[in-house]
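Structural description and commentary
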Amino acid sequence: MEKVIIRLENVSKKYDKDYVIKNLSLDIYDGEFLTLLGPSGCGKTTVLRMISGLEAVTEGKIYLEGEDITDVSPIYRAVNTIFQNFALFPHMTVWDNINFGLKMKKVPVDIAQKRIKDAISLVKLDGYEKRYPSELSGGEQQRVAIARGIVMNHKVLLLDESLCSLDLKLKREMQVELKKLQKKLKMTFIYVTHDQDEALTMSDRIAIINNGTIEQLGSPREIYHHPKTLFTADFIGESNIFKAVVKKVSKDIAYVVTKEGLLLEVDNNEYQIDDKLTLIVRPENIQIVNKQSSNTYIGKIINYIYDGALAKMEVKFGDEKKALKVTLFDDKNYEDDSQVYFKIPKESITILGDNNE
Amino acid sequence: MNRKKAFQIIVTLPVVVYSLLLILIPIVYVLFLSFLKSDSFGGIEYQFTLENYLMIFDIIYIKILLKSFIIGLLTTFICICISYPFSIFLMDKSETKRNLLIKLVMIPFLTNSLIRTYGWIVLLRKSGVVNTTLSSLNLIDKPLNLMYNNLGIIIGMVYTLLPFMILPVYSAVSKIDARVIDAAKDLGANKIKRFIHIIVPETLAGVFNGSLMVFIPAIGYFFISDILGGGKIMIVGNLIKNQFLTARNWPFGAAISIFLIVFTFLLIRIYKKIGGKLDELGGL
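Residues numbered from 1 in each chain as written. Chains lettered and ligands numbered in written order. Predicted model: local features only at pLDDT ≥ 70, side-chain atom pairs only at ≥ 80, totals over all residues. Heavy atoms only, no water.

**Things to note about the overall build of chain A**
This is how it is decided: Each helix is a run of H or I in the DSSP string that is no shorter than four residues. Each strand is a run of E no shorter than two, and both are numbered from the N terminus. We call a residue buried when its accessible area falls under 20% of the maximum for its residue type, exposed when it is over 50%, and partly exposed in between, using a 1.4 Å probe and counting protein chains only. We call two residues contacting when some pair of their heavy atoms lies within 4.5 Å.
A tally of helices and strands in chain A yields eight helices and 20 strands. If one aligns the C-alpha atoms of chain A with their principal axes, the spans along those axes are about 75 × 45 × 40 Å. Within chain A, the proportion of its 357 residues that are buried is 50%. Of all intrachain contacts in chain A linking residues separated by at least 6 positions in sequence, the fraction that spans at least 24 positions is 66%.

**Topic: the pattern of salt bridges**
Here is the rule: Any carboxyl oxygen of Asp or Glu that lies within 4 Å of a side-chain nitrogen of Lys or Arg is treated as forming a salt bridge with it.
Per the stated rule, a full pass over the model turns up 21 salt bridges over all chains. Ionic pairing is found between A:Glu55 and A:Arg49, a salt bridge with its closest N-O pair at 3.0 Å.

**Some remarks on the packing of aromatic side chains**
Quick note on the threshold: Two rings from Phe, Tyr or Trp (for Trp, the six-membered ring) form a pair when their centres sit within 6.5 Å of each other. Planes less than 30 degrees apart are called stacked, planes more than 60 degrees apart edge-to-face, and all others tilted. Charges are assigned to positions over rings by a cutoff of 6 Å between ring centre and Lys NZ or Arg CZ, combined with an angular limit of 35 degrees from the ring normal.
This structure, assessed with the given rule, holds 21 aromatic pairs over all chains. With centroids separated by 4.6 Å and ring planes inclined at 55°, the aromatic side chains of A:Phe89 and A:Phe100 adopt a geometry described as tilted. Of the two residues, A:Phe89 sits in the loop between strand E6 (79-82) and helix H2 (94-104) while A:Phe100 sits in helix H2, which places them 11 residues apart along the sequence. You can call A:Phe89 buried: its relative accessible area is 0%. A residue is classified by how much of its surface remains accessible, and A:Phe100, at 1% relative accessible area, is buried. On the basis of an interplanar angle of 55° and a centroid distance of 5.4 Å, the ring pair of B:Phe244 and B:Trp250 is categorised as tilted. Residue classification places B:Phe244 among the buried residues on the basis of a relative accessible area of 19%. Put simply, the rings of A:Phe33, A:Phe189 and A:Tyr191 touch in pairs and so form one group of aromatic residues. Positioned above the aromatic ring of A:Tyr224 is the side chain of A:Arg282, whose terminal nitrogen or guanidinium carbon lies 4.2 Å from the ring centre.

**Considerations on helix H1 (residues 44-52) of chain A**
All names here are of chain A. Counting buried positions along H1 gives seven out of nine residues, so the element sits mostly inside the fold. Taken together, the buried positions of H1 are Lys44, Thr46, Val47, Leu48, Met50, Ile51 and Ser52. Two residues or fewer past H1, Gly53 is found with a positive phi of approximately 95°.

**Let's talk about the sheet that holds strand E2 (residues 18-29) of chain A**
Residues and elements named next belong to chain A. Definition in use: At least two bridges found by DSSP between two strands is the condition for calling them paired. Every axis in this analysis is a line fitted to C-alpha atoms, fitted for helices over the stretch in contact. Angles between the N-to-C directions lie between 0 and 180 degrees.
Sheet architecture is open: four strands sit in the order E2-E1-E4-E5, paired in antiparallel fashion. Of all strands in the sheet, those bounded by a partner on one side alone are E2 and strand E5 (67-68). Here strand E1 (residues 4-15) runs beside strand E4 (residues 59-64); their pairing, made up of five bridges, is antiparallel. For Ile6, the partnering residue across the bridge sits in E4 and is Leu64. Against the sheet, H1 touches E1, E2 and E4, its axis set at about 115° to E1.

**Notes on the interface of chain B and chain A**
Applied cut-off: Reported buried area values correspond to the accessible surface (1.4 Å probe) lost by two parts on association, with both partners' losses combined.
Taken together, the contact between chain B and chain A spans 18 residues of the former and 25 residues of the latter. For the pair chain B and chain A, the summed buried surface comes to about 1,900 Å²; carbon and sulfur atoms form 61% of the total. Between chain B and chain A we count one salt bridge in total. Of the charged contacts in the structure, one is a salt bridge between A:Arg49 and B:Asp182, with a shortest N-O distance of 3.0 Å.

**Re the sheet that holds strand E11 (residues 240-249) of chain A**
Residues and elements named next belong to chain A. Reading across from one edge, E13-E12-E11-E14-E20 is the order of the five strands in this open sheet, with antiparallel pairing throughout. Both edges of this open sheet fall to strand E13 (263-267) and strand E20 (350-352), since each of them pairs with a single strand only. Taking the axes of each pair of neighbouring strands and ignoring which way they run, one obtains an average angle of 45° across the sheet. Note: strand E12 (residues 253-258) against E13, five bridges, orientation antiparallel. When the bridges of E13 are listed, Val257 appears paired with Leu263.

**Here we look at unusual backbone geometry**
Residues and elements named next belong to chain A. At Phe86, a position not held by glycine, the phi torsion is positive, near 75°. By the secondary structure assignment, Phe86 is in the loop between E6 and H2. The exposure class of Phe86 is buried, given its relative accessible area of 3%.

**Quick word on the side chain of B:Thr76**
Residue and element names in this part refer to chain B. Counting through the fold element by element, Thr76 comes out in helix H3 (residues 59-91). Look at Thr76 and you get buried, because its relative accessible area is 7%. Discounting residues that sit within four places of it in the chain, Thr76 has contacts with Met165, Ser211, Val214 and Phe215.

**Quick notes on the pairing of E11(A)**
Residue and element names in this part refer to chain A. Where E11 meets strand E14 (residues 276-281), six bridges bridge the pair, whose relative direction is antiparallel. The residue of E14 that forms the bridge with Lys243 is Thr278. Relative to E12, E11 runs antiparallel, the two sharing five bridges. In the strand pairing of E12, Lys248 is matched with Tyr255. Remark: three residues form the turn of the hairpin made by E11 and E12, two consecutive strands paired antiparallel.

**Remarks on the pairing of E4(A)**
Inspection of the sheet shows E4(A) paired to E5(A) by two bridges, in the antiparallel sense. Its bridge partner being in E5(A), A:Tyr63 is matched across the sheet by A:Asp68.

**Focus: the environment of B:Met91**
All names here are of chain B. By secondary structure assignment, the location of Met91 is in helix H3. Taking the C-alpha atoms as reference points, Met91 and Ser174, separated by 83 residues in sequence, lie 6.1 Å from one another. Other than its neighbours up to four places away in sequence, Met91 contacts Val173 and Ile181.

**With respect to the packing of helix H4 (residues 95-106) of chain B against helix H7 (residues 150-174) of chain B**
Residue and element names in this part refer to chain B. Stated precisely, the cut-off is as follows: Roughly parallel means an angle under 35 degrees; roughly antiparallel means over 145; roughly perpendicular covers 65 to 115; every other angle is labelled oblique. Put simply, a crossing is left-handed when the front helix is turned counterclockwise from the back one by less than a right angle, and right-handed when it is turned clockwise. Three residue categories are used. Nonpolar comprises Ala, Val, Leu, Ile, Met, Phe, Trp, Tyr, Cys and Pro, charged comprises Asp, Glu, Lys and Arg, and polar comprises the others, including Gly.
It is at 10 Å that the axes of H4 and H7 come closest, and there the two elements cross at 150°. Judged by the inter-axis angle, H4 sits roughly antiparallel to H7. Taken as a pair, H4 and H7 cross one another with a handedness that is left-handed. Along the contact surface, H4 presents Arg98, Ile102, Val105 and Met106, while H7 presents Pro163, Ile166, Leu167 and Tyr170. In the contact of H4 with H7, the residues fall into seven nonpolar, no polar and one charged.

**Here's the deal with the domain arrangement of chain A**
Residues and elements named next belong to chain A. The condition is simple: Where a domain begins and ends is set by an automatic assignment or by a domain database. Under this definition, polar contacts are N or O atom pairs within 3.5 Å; protein pairs additionally need one hydrogen-donor-capable and one acceptor-capable atom, and for neighbouring residues in sequence, both atoms have to be side-chain atoms.
The assigned domain composition of chain A is domain 1 (4-231) and domain 2 (240-352). A separation of 40 Å is found between the C-alpha centroids of domain 1 and domain 2. Facing seven residues of domain 1, the contacting portion of domain 2 comprises eight residues. Among the residues of domain 1 in contact with domain 2, Tyr224, Pro227 and Leu230 are the three that bury the most area, contributing 77% of the side total. The interface formed by domain 1 and domain 2 contains zero salt bridges. At the boundary of domain 1 with domain 2, the tally comes to three residue pairs in polar contact (both at pLDDT 80 or more). No other element matches helix H7 (residues 220-225), which puts three residues into the side of domain 1 that touches domain 2. Considered class by class, the residues forming the side of domain 1 that touches domain 2 number four nonpolar, two polar and one charged.

**Side note on the nonpolar core**
Inclusion rule: Buried residues of nine kinds, namely Ala, Val, Leu, Ile, Met, Phe, Trp, Tyr and Cys, make up a nonpolar core once their side-chain atoms join them within 4.5 Å.
Among the nonpolar cores identified, the biggest contains 82 residues, and A:Phe89 and A:Phe100 are the most heavily contacted of them. Setting aside its immediate chain neighbours within four residues, A:Phe100 contacts A:Phe89, A:Met92, B:Ala184, B:Leu187, B:Ala189, B:His197 and B:Ile198.

This is how it looks when you write it as structure tokens:
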């Protein structure tokens, strides 16, 4: 069993009368890269700020390595934060910025110097020691912020949307570097973002946060392929969502009819006739086929877009009110308005239990 | 194009005329006066001399200058000591509260400062509000000397000049990114260390700006030293006023004035040297 480094126990946060975070419990393991992912305003940053201590907890407890730190001031908490806009000290050089925390903790100068040098070379900022933040690019400022955090040698680093102000290319580079850095340092990174790509590429585990609670917690693969709620399915990646009713059941297969009138075979999971289900199908799991078989329908291609590696299109079917999102990885050319058979493989359908929403 | 230029001239003309007539010409006149001789009847002899400037370095006047500087520095220092806590206190208050408190700071500006200074007599004199309150609380046996001395002058100066310090300091403090303060907290800096290492260096320009606006009037506000110092205490402001109105030695008064102007410019030069930006001084 992995060691729990941070435990949130029924944590709630109230602003005025509204709960921003409701009864949230979460175990974070030593050395993992955990991402809190959610839309803006979902409370993910509040969770991070409560772990850092910059935000007080209304109810519940926070433990760091088994020790209750709920009421410990951020000044004494052994965690560090990388802020969204990096929050570097503008009047200090790169060196002084990185040295700040060590100076506050009264680390002896010779040890501090060595640690700063190590941190600087780790984030590849050698030669930048005497520059001021205003003389650095966004990516460089980001590196200073990271160095300032890791130089403290604490076990946990909190990153608050730390990449979102960088341009796309730099962001991709930093994603890889951040992940490498985390593995090398064997530190626990808790990363907050609203960007699902970032979450999927970097994380060991993702916690999907919505309305102040955790919707789903799991590896990127689990989250992507087995969303447990409609929110997760919709938030992560693209998906086709069907509302359906069970019409007939056999031993292994349940036959359902969607609102749009598609008759689909799905894996039976002790469904009863008239059970309401929500079906989720990822666009890349839908196949374009030549001949009719089970779960196959005819439709008309619209909005065909070819972008090199893959082709995206929508397929209208039935009464043409709804279009399926389809992503193909083959290089075959399709014309808009052409008729095709599309197949929704039984195995690729994720079923959410009772049709709640 | 020509019409545009004509328009530009028309709108800027009043300001140019105003500056020329009421600022530049008087200063040039004062400069001119400062190099002339005064005769013994309070008149002016049109004869070049440096005597007026040399006279400033007479021990009597050096003492007055020193005293003025000390009063000015103390006033400035006390104003800084009040402005920082006030500005930091305002930092995490809601917008409405902040606006209200800043308006309260501004309210005294609506009344003439001379009248407000007279108001202090009611508070500070031996049978004034402060002394009667303290003695009725049995905190003092005999009334404190709160005015007609240096203390009175400093109280008056701080009171009159405080808004000029609070506004720039508050403006500088409120410009600090809250996340920078959070970052300092996160890295283990307590309140005092955050103040010394983050807030002070980030707001130096504001403090210097405020210091100029407090220190320079503080060495010149003769009416405060007249009223609350009881006319016994002379600061540079009184000295200049006396040269023009009482002693009738206009050239010497002019020389001290020019001396003060040069001194002010020196202060601004120092500010620039230590890396301050001029536009942060509000276009000085």
